[in-house]
Amino acid sequence: FPYTLVEAAFVALSHLLWFQPTLLEELFADSAEEDVKISALVTTWIRAVSNPPLQYMMMMASSMTMVFIDKKRLALSLCAAVCKGPKTRRLVGPTVMRYTDALMGADLESKIKLEDLVRASCGTTRQVIGDGPLGDTSARTAEILKSDPVLTTKLGDAFEQVRQLVPAASHTMSS
């Protein structure tokens, strides 16, 4: 089934944010409601990725791994944004810490294989454009994805970086 436009946008945004961690601050820099927009976007994003559509879960045999890949990609991207963006750190640092900490508790990180990442990446493309069999791009995609942060970066390492930057008093604040 095809991704909704919002889901596809969040997948793309997580990739962009990993490579440009200050993107959230740049996107809303000219807005009088910058703080509200950044906070609302991150909260909505976490909610959307954390609660995939039921039909997605029912159709995908490996849906747990796929959902975890999306969640880990989101956590890593948000951790990068918190580490590099002082405003993002202030606004959503505690929320990102709680989200990443909860994700580490799921203990699925070690189960991600390159094949899962290829399936998730090619699957996203195929869900958006809806053509071709999965195998037509998977070999080329596998080579590209060997250095993907989802495989090469541990959640614990990202969490520690954020923990060192977010003031201790804010760790227990609610979002």
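Residues numbered from 1 in each chain as written. Predicted model: local features only at pLDDT ≥ 70, side-chain atom pairs only at ≥ 80, totals over all residues. Heavy atoms only, no water.

(A) View of the overall build of the protein chain. If you tally the helices and strands in the protein chain, you get 10 helices and 0 strands. When the 175 residues of the protein chain are sorted by exposure, 43% land in the buried category. Considering only contacts in the protein chain between residues 6 or more positions apart, those separated by 24 or more positions represent 74%. (Helix = DSSP H or I, 4+ residues; strand = E, 2+ residues; numbered from the N terminus. Buried < 20%, exposed > 50% of the residue type's maximum accessible area, 1.4 Å probe, protein only. Contact = heavy atoms within 4.5 Å.)

(B) Seen up close, the environment of Phe68. Structurally, Phe68 can be placed in helix H5 (residues 63-84). Here Phe68 falls in the buried class, since its relative accessible area comes to 2%. For Phe68 and Ala106, which are 38 residues apart along the polypeptide, the C-alpha to C-alpha distance reads 8.9 Å.

(C) Quick peek at the packing of aromatic side chains. Within the structure shown, the criterion is met by 1 aromatic pair. Considering the side-chain rings of Phe10 and Trp45, the 5.7 Å spacing of their centres and the 10 degrees angle between planes classify their relative orientation as stacked. With Phe10 in helix H1 (residues 5-19) and Trp45 in helix H3 (residues 34-50), this pair connects stretches of sequence that are 35 residues apart. Residues Phe10 and Trp45 agree in their burial class; the two are buried. (Phe/Tyr/Trp six-rings, centres within 6.5 Å; stacked < 30°, edge-to-face > 60°.)

(D) Expanded view of H1. For H1, with 15 residues, the first-to-last C-alpha span of 22 Å sits near the 21 Å given by 1.5 Å per residue. Every buried residue of H1 is accounted for by Glu7, Ala8, Phe10, Val11, Leu13, Ser14 and Leu17. (Expected span 1.5 Å × (residues − 1).)

(E) Fine view of the environment of Glu7. Within the element layout of this structure, Glu7 appears in helix H1. In this structure, the C-alpha to C-alpha distance between Glu7 and Trp45, residues 38 residues apart in sequence, is 8.8 Å.

(F) Local environment of the packing of helix H6 (residues 86-105) against helix H10 (residues 155-165). Contact geometry for H6 and H10: axes closest at 10 Å, N-to-C directions at 150 degrees. Two packed elements cross with a definite hand, and for H6 against H10 that hand is left-handed. In this structure, H6 contributes Arg89, Gly93, Met97, Thr100, Asp101, Leu103 and Met104 to the contact, and H10 contributes Leu155, Gly156, Phe159, Val162, Arg163 and Leu165. (Axes fitted to C-alpha atoms, helices over the stretch in contact; angles between N-to-C directions. Left-handed = near helix turned anticlockwise from the far one by under 90°.)

(G) Looking closely at H6. Here H6 is 20 residues long and its end C-alpha atoms lie 27 Å apart, about the 28 Å a rise of 1.5 Å per residue gives. Within H6, the axis deviates most sharply at Val92, by approximately 70 degrees, and proline Pro94 lies no more than four positions further along. When H6 is considered as a whole, its buried residues turn out to be Thr88, Leu91, Val92, Gly93, Pro94, Thr95, Val96, Met97, Tyr99, Thr100 and Leu103. (Bend = angle between axes of the 7 residues up to and from the residue.)

(H) Main features of the pattern of salt bridges. As enumerated under the stated definition, the model contains 4 salt bridges in all. With its nearest N and O atoms 3.3 Å apart, the salt bridge here joins Arg90 to Asp35. Placement of the pair is Arg90 in helix H6 and Asp35 in helix H3, with a sequence separation of 55 residues. Owing to a relative accessible area of 52%, Arg90 belongs among the exposed residues under this scheme. In the salt-bridge network here, residues are joined through shared partners; they are Glu34, Asp35, Lys87 and Arg90. (Salt bridge = Lys/Arg side-chain N within 4 Å of Asp/Glu carboxyl O.)

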